[in-house]
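Tertiary structure, described
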Amino acid sequence: MIEIRGVQKHFGDLHVLKDIDLVVPRGQVVVILGPSGSGKSTLCRTINRLEPIDSGEIRIDGKVLPDEGRPLAALRADVGMVFQSFNLFPHRTIIENVTLAPMKVRKASADDARKRGMELLRRVGVDSQAEKSPAQLSGGQQQRVAIARALAMDPKVMLFDEPTSALDPEMVGEVLDVMVGLAREGMTMVVVTHEMGFARRAADRIVFMADGGVVEDTDPESFFTAPKSRRAKDFLGKILSH
Ligand SMILES: Nc1ncnc2c1ncn2[C@@H]1O[C@H](COP(=O)(O)OP(=O)(O)OP(=O)(O)O)[C@@H](O)[C@H]1O
Ligand SMILES: [Mg+2]
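Described below are features of the structure shown in this document. (Residues numbered from 1 in each chain as written. Chains lettered and ligands numbered in written order. Predicted model: local features only at pLDDT ≥ 70, side-chain atom pairs only at ≥ 80, totals over all residues. Heavy atoms only, no water.)

Within a beta sheet, neighbouring strands are joined by backbone hydrogen bonds and run either parallel or antiparallel to one another. Strands sit in the order β6-β7-β8-β3-β9-β10 across an open sheet of six strands; the sheet is mixed. The open sheet has two edge strands, β6 (79-82) and β10 (213-218), and neither has a second partner. When strand polarity is set aside, the average angle formed by the axes of neighbouring strands in this sheet is 20°. Sheet analysis places strand β7 (residues 157-161) next to strand β8 (residues 188-192), joined by five bridges and oriented parallel. Looking at the pairing, Asp-161 lines up with Val-192 of β8. Set on the sheet, helix α5 (residues 139-151) makes contact with β6 and β7; between it and β6 the angle comes to about 170°. (Pairing = 2+ DSSP bridges. Helix = DSSP H or I, 4+ residues; strand = E, 2+ residues; numbered from the N terminus. Axes fitted to C-alpha atoms, helices over the stretch in contact; angles between N-to-C directions. Contact = heavy atoms within 4.5 Å.)

Time to look at the packing of helix α4 (residues 110-123) against α5. Axis separation between α4 and α5 bottoms out at 9 Å; the angle between their running directions is 140°. Accordingly, the angle class assigned to the pair α4 and α5 is oblique. Crossing geometry of α4 relative to α5 is assigned as right-handed. Listed contacts from α5 to Arg-116, Leu-120, Leu-121 and Arg-123 of α4 are Val-145, Ala-148 and Leu-151. Here the residues of the contact of α4 with α5 are counted per class, giving five nonpolar, no polar and two charged. (Parallel < 35°, antiparallel > 145°, perpendicular 65-115°, else oblique. Left-handed = near helix turned anticlockwise from the far one by under 90°. Nonpolar A, V, L, I, M, F, W, Y, C, P; charged D, E, K, R; others polar.)

The full set of residues close to ligand 1 is Phe-11, Leu-14, Val-16, Pro-35, Ser-36, Gly-37, Ser-38, Gly-39, Lys-40, Ser-41, Thr-42 and Glu-162. One of the backbone N or O atoms of Gly-37 is found 2.8 Å from an oxygen atom in ligand 1. Thr-42 places a side-chain nitrogen or oxygen 2.5 Å from an oxygen atom of ligand 1. Here ligand 1 loses 59% of its free accessible area of 630 Å² to cover by the protein chains. Secondary-structure elements contributing two or more residues to the shell around ligand 1 are β2 (14-24) and α1 (40-47). By residue class, the composition of the shell around ligand 1 is four nonpolar, six polar and two charged. (Near = heavy atom within 4 Å. Polar contact = N/O pair within 3.5 Å; in protein donor to acceptor, adjacent residues only side chain to side chain. Areas by Shrake-Rupley, 256 points an atom, 1.4 Å probe, with all protein chains shown as cover.)

Of note, Val-124 is situated in the loop between α4 and α5. Put simply, Val-124 and Thr-42 are 82 residues apart on the chain and 28 Å apart in space, counted from C-alpha to C-alpha. With residues up to four places along the chain from it excluded, the contact list for Val-124 reads Arg-144, Ala-148 and Val-178.

Moving on, we come to α5. Its 13 residues give α5 an end-to-end C-alpha distance of 18 Å, which sits within 8% of 18 Å, the value for a rise of 1.5 Å per residue. Burial of α5 is extensive: 13 of the 13 residues sit out of reach of the surface. (Expected span 1.5 Å × (residues − 1). Buried < 20%, exposed > 50% of the residue type's maximum accessible area, 1.4 Å probe, protein only.)

Structure below.
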């Protein structure tokens, strides 16, 4: 579903993605781990071309990422993304946040978009908040709305970049539960997270990055019990000791 081949990316002199190869089959859940600055967010952002790449190739469901224009917009609609900050439209209601893109990009009718939007809000447990504005919701609720909003486009792939890092601890679980549900339903997912519980519970595969490269690419059990590289051992030592 996602094919990343020989991808290179620089920010000025800084080589942030070093010859990345990563193929994610349909329905697979990949958790990307790695120290700060290793290129996890940049890699995520290249997958829907929020960041252009210097060389290499990225395909989604067999199609090469277009450079710009309408084809890019269409492809982006297939790739849902949820960030650390929920960035909901502040002056729109919750249900409007979920229905705007399907109406504009997918040309859904207002009725259909609303029906589907309410279904998705129910699924993430915030349907009773539909007519409120984002500021009236807790962080955990807002992040669940952000997930519903991405799902409203019927994406083929969902990217998550530290979706729970900005949340108060008691709200982390409710967002992770929604993500685990999605994973079980067979969504293709790439998830950058520091939540090791989620990684163990939901990941099919762990990709460990350091210094812009993929250092380990293995199943969660092997990664957590028998990391091979020095970098991964150090990383796990730090993460698991607090
Ligand atoms: N827009 C940018 N311009 C210049 N340098 C950037 C830009 N975005 C990221 N970088 C640099 O690229 C490197 C990789 O950043 P990236 O955000 O992908 O790391 P990360 O693994 O997501 O880190 P974190 O765990 O802190 O989120 C870092 O050294 C960062 O400073
Ligand atoms: Mg990041």
